[in-house]
Amino acid sequence: MTPDIIVALVLTLAVLIGGVRLLLWHRAAGALASPVRTSLLLLLQPIAAGLLYMALFPPDAADGVSSLRIATANTSRLSAAASGSPLILLPEAHAISGGEAVPDLATALRRHPGVTSLTIVGDGLGPRDIDAARGLAVHFDPPPLHPGIRHLAPPPVVAPGARFTVGVTLAGLPNATTELVDPAGRVTDSGTPDKNGHVLLAGTARAAGTTAFTLRVRRDKRLIEQADVPVWVADNARPKLLILAGAPGAEVKTLRRWAIDAGYDVTTQMSAGGGIALGDAPVALDAASLRRFDAAIVDDRSWSGARGVLLAGARGGMGLVLRPGGPIDGATRSQWQALGFSFSGPGGVAPLALPKVDAEAVASTRQGIGSEEVPVDIATTDDYLPDISRLGLTPGGYDAVPLLRDAGGATLGAWRALGAGRVALFTGIDSYGLTLTGRRDLYGDWWSALLDTVARPVPGSRVLTDTGWVGERMTLCGLTGKAQVDGRVRVLPVNGCGGYWPTQAGWHMLRSKDAASAFYVQPADALPTMRAARDRQAMALLSAAEVQQASAALPGQSGTPWIWWLGWLGVSALLWWLERSRLGRHSAPAKTLQSAM
Amino acid sequence: MSGDALFALWIAPARRRSFANMLALALPLILALAVIGWRWGGFVAAILVVPVSLAVALAVARQRMARFDRPWLIRSLDTTRPELEDSSALLFTDEAPASPLQSLQRRRIAARLDQGAPQDLAPAWSSRLLFLSSLFAAGLIAAALLWPRAGEGPPILAPSSEGLPARPGIPRLVGQNLRIIPPAYTGLPVRDSASLDARVPQGSQLEWTLRFNPQASTPKLLMLAGQPLALHPDGANWIASRTADVAFLYRVDPAAGRGATPPLHRVDAIADAPPQVKALTDSLTMVKPGQRSWLPAFAATDDYGVAANARLRVTLAIGEGENVTFSEREIPVSGSGPARDRRFTPRLDFSTFGFAAGGDMVVQLIVRDNRAPNPQEVRGPSLILRWASPKQPESSGLTGMVNTTLPAYFRSQRQIIIDIEKLLKEKRGIAPDRTLARSASIGGDQQILRGRYSQFLGGENEGAPELPTAEAHGDGDGHDHGGPPVAAPNVFGEKEDVLAEFGHPHDESPASSLDPETRAILKQAVDEMWQSERELKTGHPDAALPYAYKALRFIKEVQQATRIFLSRVGPELPPIDASRRMTGKREGLASRQLEITPIEQQDGPAAAAWRALGDGPDAIRGQIDLAPLDGWVRTNATRLPDALALSGAIDVVRQDPGCTACRAKLRALLWAAMERPSGHLARRRPADAAGARYLDRIGGAQ
């Protein structure tokens, strides 16, 4: 039972009671009562009740307009001049005569309550107005996007010294070249888009700290667009790595050296046969000790002995990297296959196609300065090719995710989830050859990629890669409780997400009680095409989702109640005056006097 | 005398005088032009200017001379000599007089003509003009010699570009000049730089001339790293000088720290590059038949000049096989061509070096540049001249080694022949059964030899003795047959290696590397041996002898015909016997810990400054303590790509910590000066509750 029905019932009851009381009084009054007055009172009481009801629940004030034309940014005067439904000018639109300027779409809809369909002209609605248009039939014919950067995917958190990849999608620029420029202003990678406009560009990080690379799009040497690529380089606590090898060798020696230099806390165990172990202080291979390690690199010879405990450790969250020391035997093959890496290929050992050496100018931007211990060593195309091979088996299957590929497209590394941990398989053999022939960076990239993927996860700061713009609301998600941006602005999450209106470009920190995330805000005029493409997509979703609801009427906008209040006040005053006046009362005081006499 | 001859006689002095006059007028001007050219463009320009201007002067003089023609002569004779009665025109024409009157008149005045001399008609020397021209030329020469040239005389001050606001009472740089005097050996001219930033050859003398307004009291040149350089007053200017041995940053401090800090200036010292030597001849040359000498060619280039005298190191390797002797000597060679690009083509006579067939001659050019005082010496690439031995044919392209044929074999056949001949000689003296027995015994030898050869050819030999090189061969020998063949899983449809499965292949027959022709001859030899053997065993040594000789001849033929190529194979290692592993002495063997020390990452201050200058959580907006970074840059200057620019940027940020552009510039320079740590681990984040549940489910399926 809604309030208006209750009120209506109460009012009806009151009118009835009032009417009965009036009639009783009229009968009791006898000749004194004037039928005119009684009938007037009887008539006015329901009118007053009706007006009171109307004042409390004013009827819908429809002005008869059911559709609007909304002029948004870049609306041409020609398209706005077409006659038809009323034209509404949003703040982004130019001033067009005959249009009604409103601060936002919601205001326009409040002013025109009966509207059920909108025709959008110009570039489309922005995030401010999208929600207001929900529930209406939206007609929008999107203009073509400006040529430029349609989407920019900056890397998530990057470790110091790591190689990272930036994804770019271009719109309307099939012959453009894209360049990634490092903070020193040198071109560190360049590429041309494929037929869908996608380009992947790579760069390398240095020490921890915020870093801004620059993306440049050129066509015929002319700069089309330029954008900042924010890179968040953050260091982590020392990870603990276990290296198990069935025999000492160059591969395990190089791996140990690389991992120690890369900041791992390494425990190496190399079996030399006859119960003799070389490497670091021996550790017991059991569940308790494996829980302390973040990752383990295990070769095929040591795998067979410690299989069960390693797999149990991996299920507990440890990362496991399996590598062959040479051609593997049938038992190992079937065991690895049982992990989810379905093999294809002839077996044995196959040559590994190394990727081409970078041009020297690019390679020098990828490497930092050298030191006495590690001088700069850049491979050239004339250099001796290292003798590196891979297992003649390519891991595949639905469970395994390819991670590394050689230049010939063969999968070198793949991983899959195993309980809380991950297990990866690296099929390269004698990869240490890379470090001897000037390809130390490639060696590091391969092993970093493997260990980054599988190593035990730890909670810590993360980077939100959604792009935000100054002056525009952005949604920050993944919040578990109250959070603060830069220690100043409080964000109150609803369903884990909160809104934030950035006023300054650059890096911002979102800190909550137990987590911290960094996010980057682009200047208001940066990446216009990407912003337009995002709005376009939201518009398309809006049109598709809401068409079926278009016929459903908008919940009524209430009309203004004050006119009803005035009417009720007038009628009530009349009633009051009628009740009080002598009109229609026939010399009642005389009769009273007479009876008193 | 004909009219033309008379004309030539009378016109010649006038023409000569005009020509000489014109040249006399032009010569001072030519001289002046030559001096100007020498001053402006050096000696070469002067040499070029003289013939060109002389040619112009000659052309003008010729043209002037041509004005003295027949009408001029007639006109001038008529005006100066009244006795010729205006009829001189009659004299200088070859045409016959038209009338008797004309010829009469001509005779009359011809007699009078000689009363004057042709020299009287010559125009006077235009001495006035000559004087003016000489004066003008002298003026030009004086101006050219006295004209101030860059780097000579007092410098001309350029307006200062410090961009500092003028403040009353504080001296300010208003005029500046930097004179650069490169080292003499570079041959570069002295130049004046209006800017205080310069790139100069290393070792140049720098001279600053500065002017301040109002006059400074103790101005200095403050070096960013090092002692300040005091300026000395020189009239109204202040001067200082120093040698640019290394690049440096400095600023002009007129007011001893009062007032705004002036900007930094940079002087780069460009080091003299060592010379580059390029070989113009191939790195390996073969001696052609009849060649007596060799002309290796080198080109040596340098930024300032290569010394004309170089040394050529000649290394001779003479001899063959193991008997090779080396000798090394250096001979002086001189180059030709311009100093910056010299060619060296020494002539090396084989006879003077004792170079002979079968030897190698390796030459290497050692050049110096003209840097003073320490010339830079560079060794060029080595060139090899090879004189192939006539006895040793080319062995390139063969993977095997070359052997001469088996001498033992054929010696044995000779021994059999000797034995047969000995038997035939003694046949008469001994009993027939003895003869038969000895013949059979020689036949046995022949059989053994035949067996060896046929085995060498790859044929199986029933009960034949082994090759002398092959001992008895069984399970107990040095190499291992690997026991029973391992039953490798046989994949259906795969090609089977029957030999590998059921036997063990001895190496292929050594003779399989022979060419078919030789094989055929060897086969014939074996056939003859067979015949010889048969005759010997049946007791007919005399019948066997021809076969034995034939066999010997064939073998000799084989020996002479070819060599045998034995394929080079590695040693056949026996398979590992697992049961014998770890059964030896194991004293002193134990588990060991291998120590390893991580490489120290050294760009700590750079990384700290990088974070402080950025816009992340560790950024410092205001004053940053840049002292550690400055110290780090100084100690690591050799590793950094441009340490000086980094020092300059540090100083700028220190002066003005709020300048965003300066901070960005320092950060950009820092990026290029940081080490790239070897890829640290980027930790992934744990899955949320739903993710963990999902992983748990799929993990449980394992």
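Here the structure is a predicted model, which is why all the values come from computation and not from measurement. (Residues numbered from 1 in each chain as written. Chains lettered and ligands numbered in written order. Predicted model: local features only at pLDDT ≥ 70, side-chain atom pairs only at ≥ 80, totals over all residues.)

1. Concerning the overall build of chain A
Turning to step 1, where the next piece is worked out: From N to C terminus, chain A includes 16 helices and 32 strands.
Turning to step 2, where the next piece is worked out: In chain A, which comprises 597 residues, the share counted as buried stands at 37%.
Turning to step 3, where the next piece is worked out: A separation threshold of at least 6 residues defines the contact pool for chain A, and within that pool the share at least 24 residues apart is 65%. (Helix = DSSP H or I, 4+ residues; strand = E, 2+ residues; numbered from the N terminus. Buried ≥ 20, exposed ≤ 12 C-beta atoms within 10 Å, placed from the backbone. Contact = placed C-beta atoms within 7 Å.)

2. What to know about the overall build of chain B
Turning to step 1, where the next piece is worked out: A tally of helices and strands in chain B yields 15 helices and 24 strands.
Turning to step 2, where the next piece is worked out: Residue burial in chain B is summarised as follows: out of 702 residues, 25% are buried.
Turning to step 3, where the next piece is worked out: Relative to all contacts within chain B whose residues are 6 or more apart in sequence, the contacts with residues 24 or more apart total 66%.

3. Some words on the interface of chain A and chain B
Turning to step 1, where the next piece is worked out: Contact residues are listed per partner, giving 61 residues for chain A and 45 residues for chain B.
Turning to step 2, where the next piece is worked out: At the level of secondary structure, the elements contributing two or more residues to the side of chain A that touches chain B comprise strand S11 (209-219), helix H6 (250-261), strand S15 (277-279), strand S23 (411-418), helix H13 (440-454) and strand S31 (506-512) of chain A.
Turning to step 3, where the next piece is worked out: Here the residues of the side of chain A that touches chain B sort into 30 nonpolar, 19 polar and 12 charged.
Turning to step 4, where the next piece is worked out: Judged from the two bridges that link them, S15(A) and strand S24 (residues 592-593) of chain B form a sheet pairing that is parallel. Opposite Leu278(A), over in S24(B), you have Arg592(B) as the bridge partner. (Nonpolar A, V, L, I, M, F, W, Y, C, P; charged D, E, K, R; others polar. Pairing = 2+ DSSP bridges.)

4. Let's talk about the sheet that holds strand S4 (residues 198-201) of chain B
Turning to step 1, where the next piece is worked out: Read across the sheet, five strands follow the order S4-S11-S10-S6-S7 (chain B) without closing on themselves; strand pairing throughout is mixed. If you trace the sheet from one side to the other, it starts and ends with S4 and strand S7 (229-230) of chain B, each paired once.

5. A few points about the pairing of strand S2 (residues 172-181) of chain B
Residue and element names in this part refer to chain B.
Turning to step 1, where the next piece is worked out: The element S2 is extensively covered by neighbouring structure, given that eight of its 10 residues are classed as buried.
Turning to step 2, where the next piece is worked out: Here strand S1 (residues 158-159) pairs with S2 via two bridges, running antiparallel. Looking across to S2, one finds that Pro159 is bridged to Gly175.
Turning to step 3, where the next piece is worked out: Relative to strand S5 (residues 204-213), S2 runs antiparallel, the two being bridged by nine bridges. When the bridges of S5 are listed, Arg172 appears paired with Asn213.
Turning to step 4, where the next piece is worked out: Bridging between S2 and strand S3 (residues 191-193) involves three bridges; their strand directions are antiparallel. For Leu178, the partnering residue across the bridge sits in S3 and is Ser193.

6. Observations concerning the pairing of strand S9 (residues 187-191) of chain A
In summary, the side chains of a regular strand alternate between the two faces of the sheet.
Residues and elements named next belong to chain A.
Turning to step 1, where the next piece is worked out: Note that strand S8 (residues 177-181) and S9 share four bridges and pair antiparallel. Bridge pairing links Leu180 to Asp189 in S9.
Turning to step 2, where the next piece is worked out: Here S8 folds back onto S9 in antiparallel fashion, the turn holding five residues, of which Gly185 has a positive phi close to 85°.

7. Some remarks on the packing of helix H1 (residues 3-29) of chain A against helix H2 (residues 35-56) of chain A
Residue and element names in this part refer to chain A.
Turning to step 1, where the next piece is worked out: At a minimum axis distance of 10 Å, the contact between H1 and H2 shows a crossing angle of 165°. Judged by the inter-axis angle, H1 sits roughly antiparallel to H2. Regarding H1 and H2, the two cross each other, and that crossing is right-handed. Note on element contacts: H2 touches H1 through Thr38, Leu41, Leu42, Gln45, Pro46, Ala49, Leu52, Tyr53 and Leu56, opposite Val7, Ala8, Leu11, Ala14, Val15, Gly18, Gly19, Leu22 and His26.
Turning to step 2, where the next piece is worked out: Here the contact of H1 with H2 is composed, by residue class, of 13 nonpolar, five polar and no charged. (Axes fitted to C-alpha atoms, helices over the stretch in contact; angles between N-to-C directions. Parallel < 35°, antiparallel > 145°, perpendicular 65-115°, else oblique. Left-handed = near helix turned anticlockwise from the far one by under 90°.)

8. As for the sheet that holds strand S20 (residues 360-368) of chain B
Residue and element names in this part refer to chain B.
Turning to step 1, where the next piece is worked out: The five strands lie next to each other as S13-S21-S20-S16-S17, forming an open sheet whose pairing is mixed. Two strands bound the open sheet, and with one partner strand each, they are strand S13 (284-286) and strand S17 (323-334). Each strand of the sheet is rotated relative to its neighbour by a mean of 20°, with strand direction disregarded.
Turning to step 2, where the next piece is worked out: Pairing of S20 with strand S21 (residues 377-386), which is carried by eight bridges, proceeds in the antiparallel orientation. When the bridges of S21 are listed, Val362 appears paired with Ile384.

9. Looking at the nonpolar core
Residue and element names in this part refer to chain A.
Turning to step 1, where the next piece is worked out: Val158, Ala296, Leu320, Val321, Ala424, Leu450 and Val454 are the most contacted members of the largest nonpolar core, which totals 122 residues.
Turning to step 2, where the next piece is worked out: In terms of residue count, the dominant contributor to this core is H13 (eight residues).
Turning to step 3, where the next piece is worked out: Apart from residues no more than four positions distant in its own chain, Val321 is found in contact with Ala295, Ile297, Ala424, Phe426, Leu450, Leu451 and Val454.
Turning to step 4, where the next piece is worked out: By size, the runner-up hydrophobic cluster in this structure holds 23 residues, among which are Leu68, Leu87, Ile88 and Leu109. (Core = buried A, V, L, I, M, F, W, Y, C linked by C-beta atoms within 7 Å.)

10. Overview of helix H7 (residues 432-456) of chain B
Turning to step 1, where the next piece is worked out: With 25 residues, H7(B) should reach 36 Å at 1.5 Å per residue; the first-to-last C-alpha distance of 35 Å fits that figure.
Turning to step 2, where the next piece is worked out: Considered for burial, the residues of H7(B) that qualify are Arg438(B), Ser439(B), Ile442(B), Gly443(B), Gln446(B), Gln447(B), Leu449(B), Arg450(B), Gly451(B), Arg452(B), Tyr453(B) and Ser454(B). (Expected span 1.5 Å × (residues − 1).)

11. Side note on helix H12 (residues 627-635) of chain B
All names here are of chain B.
Turning to step 1, where the next piece is worked out: Taken together, the buried positions of H12 are occupied by Leu629, Trp632 and Val633. One side of H12 holds all its buried residues, which, seen down the axis, span an arc of 100°. Set apart from the buried face of H12 by more than 90 degrees, the exposed residues are Ala627, Gly631 and Thr635.
Turning to step 2, where the next piece is worked out: In this fold, the buried residues of H12 make contact with helix H11 (604-613) and helix H13 (643-655). (Arc of directions from axis to C-beta.)

12. Here's the deal with unusual backbone geometry
Turning to step 1, where the next piece is worked out: Omega for the peptide link from Asn213(B) to Pro214(B) comes to -10°, which places this bond in the cis form.
Turning to step 2, where the next piece is worked out: Relative to the assigned elements, Pro214(B) resides in the loop between S5 and strand S6 (220-223).
Turning to step 3, where the next piece is worked out: Of note, the phi angle at Lys221(A) is positive, near 70°, even though the residue is not glycine.
Turning to step 4, where the next piece is worked out: Turning to its location among the elements, Lys221(A) is positioned in the loop between S11 and strand S12 (222-233).
Turning to step 5, where the next piece is worked out: Located in the positive-phi region is Leu527(A), a residue other than glycine, with phi close to 50°.

13. Notes on the environment of Leu44(A)
Residues and elements named next belong to chain A.
Turning to step 1, where the next piece is worked out: Positionally, Leu44 belongs in helix H2.
Turning to step 2, where the next piece is worked out: Residue Leu44 is classed as partly exposed on the basis of its C-beta count, with 16 C-beta atoms lying within 10 Å.
Turning to step 3, where the next piece is worked out: Residues Leu44 and Leu578, spaced 534 residues apart in sequence, show a C-alpha to C-alpha distance of 9.8 Å.
Turning to step 4, where the next piece is worked out: With residues up to four places along the chain from it excluded, the contact list for Leu44 reads Val571, Leu574, Leu575 and Leu578.

14. Concerning the confidence of the model for chain B
Residue and element names in this part refer to chain B.
Turning to step 1, where the next piece is worked out: Per-residue pLDDT for chain B has a mean of 80; in total, 85% of the residues score no lower than 70.
Turning to step 2, where the next piece is worked out: By mean pLDDT, strand S22 (residues 401-403) is the weakest element of chain B at 43, and strand S15 (residues 298-301) is the strongest at 92.
Turning to step 3, where the next piece is worked out: A low-confidence stretch, residues 393-408 (pLDDT under 50), is modelled with 21 contacts involving residues beyond four sequence positions or located in other chains.
Turning to step 4, where the next piece is worked out: Note on residues 503-508: pLDDT is under 50 here. Beyond four places in sequence and across chains, it has three contacts.
Turning to step 5, where the next piece is worked out: Interface confidence for the predicted complex, given as ipTM, is 0.77, next to a pTM of 0.65. (pLDDT = per-residue confidence, 0-100.)

15. Let's talk about the packing of H7(B) against helix H9 (residues 516-537) of chain B
Working note: a packed helix pair is described by the angle between its axes plus the distance between those axes.
Residue and element names in this part refer to chain B.
Turning to step 1, where the next piece is worked out: As a packed pair, H7 and H9 sit with axes 8 Å apart at the nearest point and diverge in direction by 160°. With respect to H9, the axis of H7 lies roughly antiparallel. Classified by chirality, the crossing of H9 by H7 is left-handed. Contacts from Ser439, Ala440, Ile442, Gly443, Gln446, Gln447, Leu449, Arg450, Tyr453 and Ser454 of H7 reach H9 at Leu522, Ala525, Val526, Met529, Trp530, Ser532, Glu533, Leu536 and Lys537.
Turning to step 2, where the next piece is worked out: When grouped by side-chain class, the residues that make up the contact of H7 with H9 number 10 nonpolar, six polar and three charged.

16. Let's talk about the confidence of the model for chain A
Turning to step 1, where the next piece is worked out: With 92% of its residues at a pLDDT of at least 70, chain A reaches an overall mean of 85.
Turning to step 2, where the next piece is worked out: Low pLDDT, under 50, characterises residues 548-556 of chain A; the stretch is placed with 10 contacts to residues that sit more than four places away or in other chains.

17. Section: the environment of Leu222(B)
Residue and element names in this part refer to chain B.
Turning to step 1, where the next piece is worked out: Checked against the element boundaries, Leu222 lands in strand S6.
Turning to step 2, where the next piece is worked out: Each C-alpha atom of the pair Leu222 and Arg251 lies 5.3 Å from the other, and the pair is 29 residues apart in sequence.
Turning to step 3, where the next piece is worked out: In this view, Leu222 contacts Pro228, Tyr250, Arg251 and Asp253; residues no more than four positions away in its chain are not counted.

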